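What follows is the residue order along each chain.
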Amino acid sequence: MTGETLRSWVRQDDEQAGRDHGRGNQTAESRDEELARLRAENGRLRKAEKEWELEREILRRAAAYFAKGMK
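The rules behind the values
Residues numbered from 1 in each chain as written. Predicted model: local features only at pLDDT ≥ 70, side-chain atom pairs only at ≥ 80, totals over all residues. Heavy atoms only, no water. Helix = DSSP H or I, 4+ residues; strand = E, 2+ residues; numbered from the N terminus. Buried < 20%, exposed > 50% of the residue type's maximum accessible area, 1.4 Å probe, protein only. Areas by Shrake-Rupley, 256 points an atom, 1.4 Å probe, with all protein chains shown as cover. Salt bridge = Lys/Arg side-chain N within 4 Å of Asp/Glu carboxyl O. Phe/Tyr/Trp six-rings, centres within 6.5 Å; stacked < 30°, edge-to-face > 60°. Contact = heavy atoms within 4.5 Å. Patch = residues over 30% accessible without salt bridge, like charges linked within 9 Å, V, L, I, M, F, W, Y side chains within 5 Å.

Caption draft 1: Local environment of the overall build of the chain. A count of helices and strands for the chain gives two helices and zero strands. Among the 71 residues that make up the chain, the fraction classed as buried is 3%. Of the roughly 6,900 Å² that the chain leaves accessible, carbon and sulfur atoms contribute 54%.

Caption draft 2: Geometry of the pattern of salt bridges. Following the criterion strictly, the structure yields five salt bridges and no others. When the shortest N-O distance is used, the salt bridge between glutamate 57 and arginine 60 registers 2.5 Å. Here glutamate 57 pairs with arginine 60, and both are found in helix H2 (residues 28-69), just three residues apart, close to one helical turn. Judged by relative accessible area, glutamate 57 falls into the partly exposed class, the value being 27%. The class of arginine 60 is partly exposed, set by a relative accessible area of 49%. Across the pair arginine 61 and glutamate 57 runs a salt bridge whose closest N-O atoms are separated by 2.8 Å. Linking arginine 61 with glutamate 57, this pair stays in helix H2, spanning four residues, or about one helical turn. Of the residues examined, arginine 61 reaches a relative accessible area of 56% and is grouped as exposed.

Caption draft 3: The packing of aromatic side chains, seen in detail. Summed over the entire model, instances satisfying the criterion amount to one aromatic pair. Look at tyrosine 65 and phenylalanine 66: their rings are 5.3 Å apart centre to centre, the planes differ by 75 degrees, and that puts the pair in the edge-to-face class. Note on tyrosine 65: relative accessible area 59%, which makes it exposed.

Caption draft 4: Structural view of the environment of methionine 1. Secondary-structure assignment places methionine 1 in the segment before helix H1 (3-17). The class for methionine 1 is exposed, based on a relative accessible area of 75%. With near-sequence residues (within four places) excluded, methionine 1 lies in contact with Leu6 and Trp9.

Caption draft 5: Region of the structure containing a nonpolar patch on the surface. On the surface, a cluster of nonpolar side chains totalling about 460 Å² of accessible area is made up of Met1, Leu6, Trp9 and Val10. Among the secondary structure elements, leucine 6 is positioned in helix H1. Note on leucine 6: relative accessible area 43%, which makes it partly exposed.

Now the structure itself:
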């Protein structure tokens, strides 16, 4: 038995059982929903990154301020 034969049998079994393993069978609507979800996640992560940059800058300045006071 070859590997392709086994893959073919598994694929047929999956089709008969109604399973989908993400082999490009997504509908346009589900792709659009996924895209919208990913764009929202991207926006949330960009906002969080800006907040983290601001926090790092505040901590950097505070460290410099306190380092001057210790001299």
